[in-house]
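Chain by chain, the residues:
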Amino acid sequence: QVQLVESGGGLVQPGESLKLSCVASGNIFSVNIKAWYRQAPGKERELVARIPSSGNTNYADSVKGRFTISGDNAKNTVTLQMNSLKAEDTAVYYCYLEQITTFYNKLSYWGQGTQVTVSS
């Protein structure tokens, strides 16, 4: 079993910064994708940032230039540095990890989610 534990969420004012952390534990051996998603009330879950195995990062247009995703394989962590936060960034943020178990099988894991609220 793989578990993803998130931390770092909270209440901040517009323009401030937060750093989300995700620690993965369990049977981790071949990570294919590390990512952060978010879901605001009444909206579908959306991709925020992603690191595929190639190392090239992808960001949602709404967060480009403000958010940075990074990973540390040695520590089994994924972080999301969020700068210049806006009210529209308010959502529950989820850590996501995908790993390849065989040539043709893969498994996906989600964190429990951490609330980020940006408000004056």
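Per-chain numbering applies: the sequence of each chain, read as written, is numbered from 1 onward. This being a predicted model, a pLDDT of at least 70 is required before a residue's local features are given, and a value of 80 or more before pairs of side-chain atoms are given or counted; all residues contribute to the totals for chains, interfaces and linings. Calculation of side-chain values draws on the structure's entire complement of heavy atoms; hydrogens and water are dropped beforehand.

K.L.:
Before we go on, may I ask you to explain the overall build of the protein in this structure?
P.N.:
We count a stretch as a helix when DSSP gives it H or I for four or more residues in a row; a strand needs E for two or more, and each element gets its number in order from the N terminus. Per the secondary structure count, the protein includes zero helices and 11 strands. Ordered by position in the sequence, the α and β elements of the protein form the string β-β-β-β-β-β-β-β-β-β-β. Computed over C-alpha atoms, the radius of gyration of the protein comes to 14 Å, within 12% of the 14 Å expected from 2.2 N^0.38 for 120 residues, which places it in the range of a compact globule. If one aligns the C-alpha atoms of the protein with their principal axes, the spans along those axes are about 50 × 30 × 25 Å. Relative accessibility thresholds used throughout: buried, under 20% of the residue-type maximum; exposed, over 50%; partly exposed, between the two (1.4 Å probe, protein chains only). The proportion of buried residues among the 120 residues of the protein is 37%. For the protein, long-range pairs separated by at least 24 residues make up 54% of all intrachain contacts whose partners lie at least 6 apart in sequence. Surface exposure of the protein reaches about 6,700 Å², of which carbon and sulfur atoms provide 47%. In the protein, 11 positive and 9 negative side-chain charges are present, and the distance between their average locations comes to 4 Å. For the radius of gyration, the atom set is restricted to C-alpha positions; the globular benchmark scales as 2.2 Å times the number of residues to the power 0.38. Residues count as neighbours in contact if any of their non-hydrogen atoms are within 4.5 Å of one another. For the accessible areas, the method is Shrake-Rupley and the probe is 1.4 Å, while residue cover comes only from the protein chains on display. Neither His nor the chain ends is counted toward charge; the positive residues are Lys and Arg and the negative residues Asp and Glu. A single reference atom marks each charge: NZ on Lys, CZ on Arg, CG on Asp, CD on Glu.

K.L.:
Would you mind going over the sheet that holds strand β1 (residues 2-7) with me for this structure?
P.N.:
Neighbouring strands of a sheet are bound in pairs by backbone hydrogen bonds; such pairs are parallel or else antiparallel. Spatial strand order, β1-β3-β8-β7: four strands in an open sheet with antiparallel pairing. Strands with a single pairing partner mark the edges of an open sheet, and in this sheet they are β1 and β7 (67-72). Adjacent strand axes in the sheet meet at a mean angle of 15° when their direction is disregarded. Should DSSP find at least two bridges between two strands, the strands are taken to pair. Across six bridges, the pairing between strand β3 (residues 18-26) and strand β8 (residues 77-82) is antiparallel. Looking at β8, one finds that Cys-22 is bridged to Val-78. Helix axes are fitted to C-alpha atoms over the stretch in contact, other axes to C-alpha atoms as well, and angles between N-to-C directions run from 0 to 180 degrees.

K.L.:
Explain the pattern of salt bridges to me, please; I cannot follow it from the model alone.
P.N.:
Side chains that carry opposite charge are capable of pairing whenever their charged atoms lie near each other. Take a side-chain nitrogen of Lys or Arg and a carboxyl oxygen of Asp or Glu: if they are within 4 Å of each other, that pair is a salt bridge. A complete count under the given rule lists four salt bridges for this structure. With a closest N to O distance of 2.8 Å, Arg-38 and Glu-46 form a salt bridge. Classification of Arg-38 as buried rests on a relative accessible area of 5%. The partner of Arg-66 in a salt bridge is Asp-89, with the nearest N and O atoms 2.8 Å apart. Taken together, the residues span a long stretch of sequence, with Arg-66 in the loop between β6 (58-59) and β7 and Asp-89 in the loop between β8 and β9 (91-100) at a distance of 23 residues. With relative accessibility at 1%, the residue Asp-89 sits in the buried group. Within this structure, Arg-38, Glu-46, Arg-66 and Asp-89 form a network of salt bridges that share partners.

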